[in-house]
Amino acid sequence: AQSVSQHNHHVILSEAASLELGCNYSYGGTVNLFWYVQYPGQHLQLLLKYFSGDPLVKGIKGFEAEFIKSKFSFNLRKPSVQWSDTAEYFCAVNANNQGGKLIFGQGTELSVKP
Amino acid sequence: KAGVTQTPRYLIKTRGQQVTLSCSPISGHRSVSWYQQTPGQGLQFLFEYFSETQRNKGNFPGRFSGRQFSNSRSEMNVSTLELGDSALYLCASSPRGGLGQETQYFGPGTRLLVL
């Protein structure tokens, strides 16, 4: 069965620190990859997505992610976090033969100290 | 465009009751998916509807059902509620859904508490 694994459940950083959140998936076919963010009290919002092409994708608010097919990974990065980045981050995978079904990782809670 | 809307936002029910949640997708979107979010299990896919047909289903018991209307609005129903059904139920819409390479846009959710 398909699964998505996020390595860290809770990450605590100081402002200006660099961020990398790990995401690995298990599925051998063609996949579409997403990172969503859920700010406190708000609904899930798309940060970035990868469908095909350049494996390094840039999203909103300075976030980027790199798809490494050989490692089944799609890690999220940001060079310098801000207090406003405090949120829960979800990696999600959609297989091309499964319509709109998204498989989510467990989420990583990011706390940024001012 | 208005985003995905869900009603009601909060619900309190007791065990054994049934509940219906509603979702209105973004105008022009024809695919609606439902997810359950709990602290223990995270976000889990319930089902997806497109053109009034259920196209995909997750691993939930038959007590969970849904439907989609001709205007793409969707409802999900949970019968014989159990304590473990307490969760945030999220609805997401996309233009077509079936081709995979689409972004799903999420609503604010309906928070269901079962007592």
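In this report, we go over the structure that sits alongside the text. (Residues numbered from 1 in each chain as written. Chains lettered and ligands numbered in written order. Predicted model: local features only at pLDDT ≥ 70, side-chain atom pairs only at ≥ 80, totals over all residues. Heavy atoms only, no water.)

1. Thoughts on the overall build of chain B
Part 1 of the argument: For chain B, the count of helices and strands is zero helices and 11 strands.
Part 2 of the argument: Listed by position from the N terminus, the elements making up chain B come as β-β-β-β-β-β-β-β-β-β-β.
Part 3 of the argument: Computed over its C-alpha atoms, the radius of gyration of chain B comes to 13 Å, within 12% of the 13 Å expected for a compact globule of 115 residues.
Part 4 of the argument: Each principal axis of the C-alpha atoms in chain B carries an extent, and together these give about 35 × 25 × 25 Å.
Part 5 of the argument: Out of the 115 residues in chain B, the part that is buried amounts to 51%.
Part 6 of the argument: Long-range contacts, defined here as pairs at least 24 residues apart, represent 55% of the contacts in chain B between residues at least 6 apart.
Part 7 of the argument: Only carbon and sulfur atoms are counted for the fraction: they give 50% of the accessible area of chain B, which is about 5,300 Å².
Part 8 of the argument: Positive and negative charge centroids in chain B, built from 12 and 6 side chains respectively, lie 4 Å apart. (Helix = DSSP H or I, 4+ residues; strand = E, 2+ residues; numbered from the N terminus. Rg over C-alpha atoms; globule rule 2.2 N^0.38 Å. Buried < 20%, exposed > 50% of the residue type's maximum accessible area, 1.4 Å probe, protein only. Contact = heavy atoms within 4.5 Å. Areas by Shrake-Rupley, 256 points an atom, 1.4 Å probe, with all protein chains shown as cover. Lys, Arg positive; Asp, Glu negative; His and termini not counted. Charge placed at Lys NZ, Arg CZ, Asp CG, Glu CD.)

2. Overview of the interface of chain B and chain A
Part 1 of the argument: Facing 23 residues of chain B, the contacting portion of chain A comprises 19 residues.
Part 2 of the argument: Regarding the contact of chain B and chain A, the summed buried area is about 1,700 Å², with carbon and sulfur atoms giving 52% of it.
Part 3 of the argument: The interface formed by chain B and chain A includes zero salt bridges.
Part 4 of the argument: Connecting chain B to chain A are four residue pairs in polar contact (both at pLDDT 80 or more).
Part 5 of the argument: Elements with a minimum of two residues in the side of chain B that touches chain A: β4 (31–38), β5 (42–50) and β9 (87–94) of chain B.
Part 6 of the argument: The element best represented in the side of chain B that touches chain A is β5(B), accounting for four residues. (Buried area = accessible area lost by both parts, 1.4 Å probe. Salt bridge = Lys/Arg side-chain N within 4 Å of Asp/Glu carboxyl O. Polar contact = N/O pair within 3.5 Å; in protein donor to acceptor, adjacent residues only side chain to side chain.)

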